[in-house]
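Residue-level structural notes
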Amino acid sequence: MATRVCCKNAAPNQGAFAVGRQRNFHVLLRRSPTCLSRNHSNHHIIRSWSRPANDLPTTFATPLYRFMATTPPRSAGRREVQDITMSGGTPKEKIRLVGVEQTLLPMVMFKIRDSESPNPILGDPYAKQLLDRCDVDLEATHFSATMDRRYVTWIANRAKRFDDWCQEFLDAHQGPVTVLHLGCGLDCRYFRVERRPRAEVRWIDLDQPMVVDLRSRLIPRTAVEGDYALRTLDVTREGWYRDVPSDRPTIIIAEGVMPYLEPEEGQKLIKDLVGYFGGSEQGDGYRGQIVFDTLGSLSVRLTKYIKALRSSRAMFKWGVDEPEQILGLHPQLQLKDRVLWREYMDGHPPFFGKYGTAAASVMPSFNKNIQFWRFDF
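Residues numbered from 1 in each chain as written. Predicted model: local features only at pLDDT ≥ 70, side-chain atom pairs only at ≥ 80, totals over all residues. Heavy atoms only, no water.

Observations concerning the pairing of strand 7 (residues 289-295)
Put simply, the test is: Classification of residues uses two cut-offs on accessible area relative to the type maximum, computed with a 1.4 Å probe and protein chains only: under 20% is buried, over 50% is exposed, and between them is partly exposed. Helix and strand definitions follow DSSP, with helices as H or I runs of at least four residues and strands as E runs of at least two, each counted in order from the N terminus. For two strands to count as paired, DSSP must find a minimum of two bridges between them.
With seven of seven residues buried, strand 7 is to be regarded as a mostly interior element. In strand 7, alternate side chains face the same way, and those of Gln289, Val291, Asp293 and Leu295 on one face and Ile290, Phe292 and Thr294 on the other are all buried. Direction of pairing for strand 6 (residues 250-254) relative to strand 7: parallel, over a ladder of four bridges. Opposite Ile251, over in strand 7, you have Gln289 as the bridge partner. Sheet topology note: the strand 7/strand 9 (residues 370-376) ladder contains seven bridges and is antiparallel. Its bridge partner lying in strand 9, Gln289 is registered against Asp376.

Structure below.
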């Protein structure tokens, strides 16, 4: 089971909304250890590979798989890469994450591996800044998967896809909008996407107290601008989301969160958020989107065999194979995009070891084991 933690909220309310200081909450948001139907968007998946003989998973000479959007490169309004840690030679931060939170830093390492490859998928310029500020043992077992480029390809594609969906939402709304980022971890999506200079974008990053504490130490408040807040909220408390205003179109992003929730918890989370931010079932509220990733029922059944989870003792609990499992949660939900892993890579990450993954590949649900979803509401 994942370890639940409680501590003082590390970040005061500096956003433009009244959340109030949240103290000593047991937070249920969990981090990911790492994450063929028709795709409904204007994105095309481009595979390019040049695999030498006897190529090993630890080799990063040429990435096997590429995902690219059809949207042209942006220039106007694009901010230059900044020093988000503003460390100024200060000592590195001691890391004391426990349980499932131990999977936080491998997520950063995946993005570094991608950015250092000849043809990066995400190309996150901020991940290395964060890891350089951490006093952490990179030889620990929970970093072992970061040397396998199949995991790197998966995580980089997930972050890139969610960045693009977030950007599309911001571009489609010229008025005020909200970005609600559940389980933000140390992800730098806030810095990667382009926010229009005069647009009113309320950005709220949420995670567990220990994660919020670390993030606030690594990324000072002076590094962010505009209507931004880093918060901890008790999502097990009925109506926790009412601390966030529902006065504008909202995109909800939950990256690496849903697989760690009990099915009932995940289903209720989606149902409650859509009902609150989307208005009543008659559709008299603001329109929004919810974006998240899932693992399939196969990963849930075999979760105890997944090596990447052993050191943190985390478990995959909620498996989703079909869109009907989500669509039935609320009448306002409409499927906009569904992306399966074979659309952007040819080799599934070796969740169950080399031979276990090969054996699992013959199961009908294997192709649905990793999915990215976007729903309108």
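Description of the environment of Trp203
Our working definition: In what follows, residue pairs with any heavy atoms lying within 4.5 Å of each other are defined as contacts.
One can find Trp203 in strand 4 (residues 201-206). When the C-alpha positions of Trp203 and Val179 are compared, they lie 4.8 Å apart, and in sequence the two are 24 residues distant. Those residues within four positions of Trp203 in sequence are excluded, and the remaining contacts are Cys166, Val179, His181, Arg189, Tyr190, Val193, Arg195, Asp227, Tyr228 and Ala229.

Description of the side chain of Gln289
Put simply, the rule is: Nitrogen and oxygen atoms within 3.5 Å of one another constitute a polar contact, given that in protein one can donate a hydrogen and the other can accept it, and given that sequence-neighbouring residues count only through two side-chain atoms.
Secondary-structure assignment places Gln289 in strand 7. Among the polar contacts made by the side chain of Gln289, one reaches the side chain of Asp376 at a distance of 2.9 Å.

Considerations on the confidence of the model for the protein chain
This is how the line gets drawn: The pLDDT value expresses, per residue, how confident the predictor is, ranging between 0 and 100.
When pLDDT is averaged across the protein chain, the result is 79; 74% of the residues are at 70 or more. A low-confidence stretch, residues 1-78 stays under pLDDT 50, and its non-local contacts, those more than four residues away or across chains, total 239 contacts.

Description of the pattern of salt bridges
Worth spelling out the cut-off: We count a salt bridge whenever a side-chain nitrogen from Lys or Arg sits within 4 Å of a carboxyl oxygen from Asp or Glu.
All chains considered together, the criterion is met by 28 salt bridges. Asp163 is the partner of Arg192 in a salt bridge, and the nearest nitrogen-oxygen pair spans 2.6 Å. Of the two residues, Arg192 sits in helix 4 (residues 189-192) while Asp163 sits in helix 3 (residues 149-172), which places them 29 residues apart along the sequence. Summarising the burial analysis for this pair, Arg192 and Asp163 share the class buried. With its nearest N and O atoms 2.9 Å apart, the salt bridge here joins Asp247 to Arg202. Remark: Arg202 occurs in strand 4 and Asp247 occurs in the loop between strand 5 (228-231) and strand 6; sequence separation between them is 45 residues.

A few points about the nonpolar core
This is how it is decided: Residues grouped as a nonpolar core are buried Ala, Val, Leu, Ile, Met, Phe, Trp, Tyr and Cys residues, joined through side-chain atoms within 4.5 Å.
Grouped together as the largest cluster of nonpolar side chains are 64 residues, with contacts concentrated most on Trp154 and Ile370. Among the elements that make up this core, the one with the highest residue count is helix 3 (nine residues). Listed in part, the 30 residues of the second largest apolar core include Ile204, Leu269, Val320 and Trp373.

Quick look at the state of the cysteines
Note: disulfide means a covalent bond formed between the sulfur atoms of two cysteine side chains. The condition that has to hold: Defined by distance alone, a disulfide is two cysteine sulfur atoms within 2.5 Å.
For the structure on display, the rule yields zero disulfides. Distance from the sulfur of Cys184, which forms no disulfide, to the nearest cysteine sulfur (Cys188) is 9.8 Å.

Some points on helix 3
Heads up, the condition is: Multiplying 1.5 Å by the helix residue count minus one yields the expected span of that helix.
The terminal C-alpha atoms of helix 3, which comprises 24 residues, lie 34 Å apart, in line with the 34 Å expected from a rise of 1.5 Å per residue. The buried fraction of helix 3 amounts to 20 of the 24 residues, a majority that puts the element mostly inside the structure.

Description of the packing of aromatic side chains
To keep it simple, the criterion reads: Stacked, tilted and edge-to-face are the three classes assigned to paired rings of Phe, Tyr and Trp, where Trp is represented by its six-membered ring and a pair needs centres within 6.5 Å; plane angles under 30 degrees give stacked, over 60 edge-to-face, the rest tilted. Look at NZ for Lys and CZ for Arg. If either is within 6 Å of the ring centre and within 35 degrees of the ring normal, a charge sits over the ring.
The tally for this structure, following the rule as stated, stands at 19 aromatic pairs. Taken together, a centroid distance of 5.5 Å and an interplanar angle of 80 degrees make the contact between Trp341 and Phe366 edge-to-face. Taken as a pair, Trp341 in the loop between strand 8 (334-340) and helix 9 (353-360) and Phe366 in the loop between helix 9 and strand 9 lie far apart in primary sequence, 25 residues in all. By the burial criterion, Trp341 is buried, and Phe366 matches it. Put simply, the rings of Phe110, Tyr151, Trp154, Phe351 and Phe352 pair up and form one aromatic cluster. Taking the ring centre of Tyr190 as reference, the NZ or CZ of Arg195 above it sits at 3.9 Å.

Observations regarding the packing of helix 1 (residues 104-115) against helix 3
This is how it is decided: The convention used is that axes are lines fitted to C-alpha atoms, helices contributing only their stretch in contact, and that angles between N-to-C directions extend from 0 to 180 degrees. Here the angle decides the label: under 35 degrees means roughly parallel, over 145 means roughly antiparallel, 65 to 115 means roughly perpendicular, and every other value means oblique.
Their axes nearest at 9 Å, the elements helix 1 and helix 3 cross at an angle of 95 degrees. Classified by the angle their axes make, helix 1 and helix 3 are roughly perpendicular. Residues Met107, Phe110, Lys111, Arg113 and Asp114 of helix 1 pack against Tyr151, Val152, Ile155, Ala156, Arg158 and Ala159 of helix 3.

Focus on the environment of Ser361
Structurally, Ser361 is set in the loop between helix 9 and strand 9. Along the sequence, Ser361 and His348 sit 13 residues apart, while their C-alpha atoms lie 8.7 Å from each other.

Section: the sheet that holds strand 9
In space, the seven strands of this open sheet follow the order 5-4-3-6-7-9-8, with mixed pairing throughout. Here the strands that pair on one side only, and so sit at the sheet edges, are strand 5 and strand 8. Each strand axis lies, on average, 15 degrees off the axis of its neighbour in the sheet, ignoring direction. With six bridges joining them, strand 3 (residues 177-182) and strand 4 adopt parallel strand pairing. Paired with Leu180 across the two strands is Ile204, which belongs to strand 4. Its contacts with the sheet place helix 5 (residues 209-218) against strand 4 and strand 5, and it is angled at close to 135 degrees to strand 5.

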